[in-house]
Amino acid sequence: MSYLPYAYFDGDYVAFSDAKVSVATHALQYGTGVFGGIRGYLSHDEKTINIFRLPDHCERVIQSAGLVKIQLPFDTEGLAEIFVELTKRNAPKGNVYYRPFAYKAGFDLTPKLTNVDDGFTLYMMALEDYYGADEGLSAMVSAWRRVNDNMIPARGKVSGAYINSSLAKDDALAYGFDEAIMLNELGKVGEGSAANLMMVRKGVLVTPPITADILEGITRRTMFQIATDLGIEIEQRSIDRTELYIADELFFCGTGAQVTPIGSVDRRPVGDGKAGKITRAIAERFHAIVRGKVTEYEQWLTKVPVV
Ligand code: PMP
């Protein structure tokens, strides 16, 4: 990973190497932090970084923080301003990924949330593709179930909950797959370790509802908008495991994943094992939008001058 030189750390812009916490930090011990993941795309003329859906991501960071009683000293707009300022200071020369992290910074021994000091940091790294190959990932249905809302809320990006993702992803890699698909406690399809899942059956784009113990993904919402534009019907409903075996198309979507086709599930090919027609059409429009080539969606881009 290549980290950019400056970070924001508890109210100051500092060298990334100085953004450090103690080993006694509550969030490090108990996973009491929440994070975000946002992409910034370098424009064609290399004059701006276009941050994708920044206000939506800021809103989710603040909502996730609220779930674990982390109070931030700024609102959505104030948080967005920190992104803009840090981008100007780092003046990236390529595509970037932002990692905001709000956390319980106190050294309290008790695993509680109230009256434990809060901290906030934001740092940036260079990021191109997350999955490497764009052609059909091999996925497995994981034996690890997705955390449920009454355990650790999956709808927010709670750090501790990523042990769940790590266990599933690690198993998938150990068994020779690229990615895991986690079922929820009801045995219905949830999501990947770090991406939402979309299925195409008979021309309809189907995805689990936000009550299925999944992250309320911003790319997931983006997919709905793009599908609507392309005249594709959308259905939010629970998905059975065996529907994955007979789906016409499957793909992951997320800030990191962007739009990544799934070529097989449990070694059963999805369609012909390559990206399907609808997946390709959605991916194409998505990449055009994030790069600022579709004027109707310019409002999704926060353009920050970097020269
Ligand atoms: N699910 C999980 C578990 C994730 O970590 C992510 C990545 N943030 C997503 C879904 C996709 O969410 P988004 O589109 O908001 O990045």
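Not measured: the values here are computed from a predicted model. Every chain is numbered on its own, with residues counted from 1 as its sequence reads. Reporting of local features is limited, given that this is a predicted model, to residues whose pLDDT is at least 70; pairs of side-chain atoms are given and counted only at 80 or more, and all residues count toward the totals for whole chains, interfaces and linings. By convention in this description, side-chain values take in all heavy atoms of the structure and omit both hydrogens and water.

### Focus on the packing of aromatic side chains
To keep it simple, the criterion reads: Any two of the Phe, Tyr and Trp rings considered here, Trp counted by its six-membered ring, make a pair once their centres fall within 6.5 Å; the pair's planes then place it as stacked at under 30 degrees, edge-to-face at over 60, or tilted in between. Buried means the residue's accessible area, taken with a 1.4 Å probe over protein chains only, is under 20% of the maximum for its type, while exposed means over 50%, and partly exposed covers the values in between.
Scanning the model with the defined rule gives 14 aromatic pairs in all. Pairing Tyr8 with Tyr13 gives two aromatic rings, centres 5.1 Å apart and planes at 65 degrees, and the pair type is edge-to-face. Residue Tyr8 is classed as buried on the basis of its relative accessible area, which comes to 10%. Take Tyr13: its relative accessible area is 25%, and that puts it in the partly exposed class. The rings of Tyr8, Tyr13, Phe74 and Phe120 are connected pair by pair, giving a single aromatic cluster.

### Re the site of the ligand
Our working definition: The rule for a residue being near a molecule or strand is that one of its heavy atoms must lie within 4 Å of it. Side-chain atoms alone can form a polar contact between residues adjacent in sequence; in general such a contact is a pair of N or O atoms within 3.5 Å, and within protein one must be able to donate a hydrogen while the other accepts it. Here the Shrake-Rupley method, with its probe set to 1.4 Å, supplies the accessible areas, and only the displayed protein chains count as covering residues. Numbering goes from the N terminus for both helices and strands, where a helix is a DSSP run of H or I of at least four residues and a strand is a run of E of at least two. As a working rule, the residues Ala, Val, Leu, Ile, Met, Phe, Trp, Tyr, Cys and Pro are called nonpolar, Asp, Glu, Lys and Arg charged, and the rest polar, with Gly in that last group.
As a structural note, the neighbourhood of the ligand is formed by 16 residues, with Arg60, Lys157, Tyr162, Thr219 and Thr255 the closest of them. The separation between an oxygen atom of the ligand and a polar side-chain atom of Arg60 is 2.6 Å. At 2.8 Å, a backbone N or O of Ile218 approaches an oxygen atom of the ligand. In the complex, the protein chains occlude 97% of the 390 Å² of accessible area that the ligand would expose alone. Those elements that place two or more of their residues in the shell around the ligand are α5 (218-229) and β14 (249-254). Here the residues of the shell around the ligand are counted per class, giving six nonpolar, six polar and four charged.

### Describing the domain arrangement of the chain
Counted only if it meets this: Boundaries of every domain are those given by an automatic assignment or by a domain database. Any two residues whose heavy atoms approach within 4.5 Å at even a single point are treated as in contact. Put simply, buried area is the surface a 1.4 Å probe can reach on two separate parts but cannot reach once they are joined, added for both. Should a side-chain nitrogen of Lys or Arg be within 4 Å of a carboxyl oxygen of Asp or Glu, the pair is scored as a salt bridge.
Splitting the chain by domain gives domain 1 (2-126) and domain 2 (137-290). Summarising the inter-unit geometry, the C-alpha centres of domain 1 and domain 2 are found 25 Å apart. Taken together, the 20 residues of domain 1 in the interface contact 20 residues of domain 2. Looking at the side of domain 1 facing domain 2, the largest losses of area belong to Phe35, Phe52 and Arg60, adding up to 34% of the total buried there. Across the contact surface, domain 1 and domain 2 share one salt bridge. In this structure, the salt-bridge partner of Arg221 is Asp56, at a minimum N-O distance of 3.4 Å. The interface formed by domain 1 and domain 2 holds eleven residue pairs in polar contact (both at pLDDT 80 or more) in total. At five residues, the largest contribution of residues to the side of domain 1 that touches domain 2 is made by helix α2 (residues 54-67).

### Here's the deal with the packing of α2 against helix α3 (residues 76-90)
The relative placement of two packed helices comes down to the angle between their axes together with the axis-to-axis distance. The following threshold applies: Between the N-to-C directions of two axes lies an angle of 0 to 180 degrees, each axis being a line fitted to C-alpha atoms and, for a helix, fitted only over the stretch in contact. Each angle is binned into one of four classes, with values under 35 degrees roughly parallel, values over 145 roughly antiparallel, values of 65 to 115 roughly perpendicular, and all other values oblique. Crossing handedness is read from the near helix: turned anticlockwise from the far helix by less than a right angle, it gives a left-handed crossing, and turned clockwise, a right-handed one.
Remark: α2 packs on α3, axes separated minimally by 9 Å, with the N-to-C direction vectors making an angle of 120 degrees. As far as their axial angle goes, α3 and α2 are oblique. In terms of crossing hand, the pair formed by α2 and α3 is right-handed. Between α2, through Leu54, Pro55, Cys58, Glu59, Val61 and Ile62, and α3, the contact on the second element is made entirely by Thr76, Leu79, Ala80, Phe83 and Val84.

### Observations regarding helix α4 (residues 162-174)
Worth spelling out the cut-off: Every helix has an expected span of 1.5 Å times one less than the residues it contains.
Along its 13 residues, α4 runs 18 Å from first to last C-alpha, staying within 8% of the 18 Å computed at 1.5 Å per residue. In the stretch just after α4, Gly176 is the one whose phi turns positive, near 90 degrees.

### Structural notes on the pattern of salt bridges
One pass over the structure, following the stated rule, counts 16 salt bridges. Across the pair Asp149 and Arg155 runs a salt bridge whose closest N-O atoms are separated by 3.3 Å. When its relative accessible area of 26% is taken as the criterion, Arg155 is described as partly exposed. When the shortest N-O distance is used, the salt bridge between Arg237 and Glu235 registers 3.1 Å. Residue Arg237 is classed as partly exposed on the basis of its relative accessible area of 24%. Here Glu235 falls in the partly exposed class, since its relative accessible area comes to 32%. One network of salt bridges, with partners in common, ties together Arg201, Glu235, Arg237 and Glu243.

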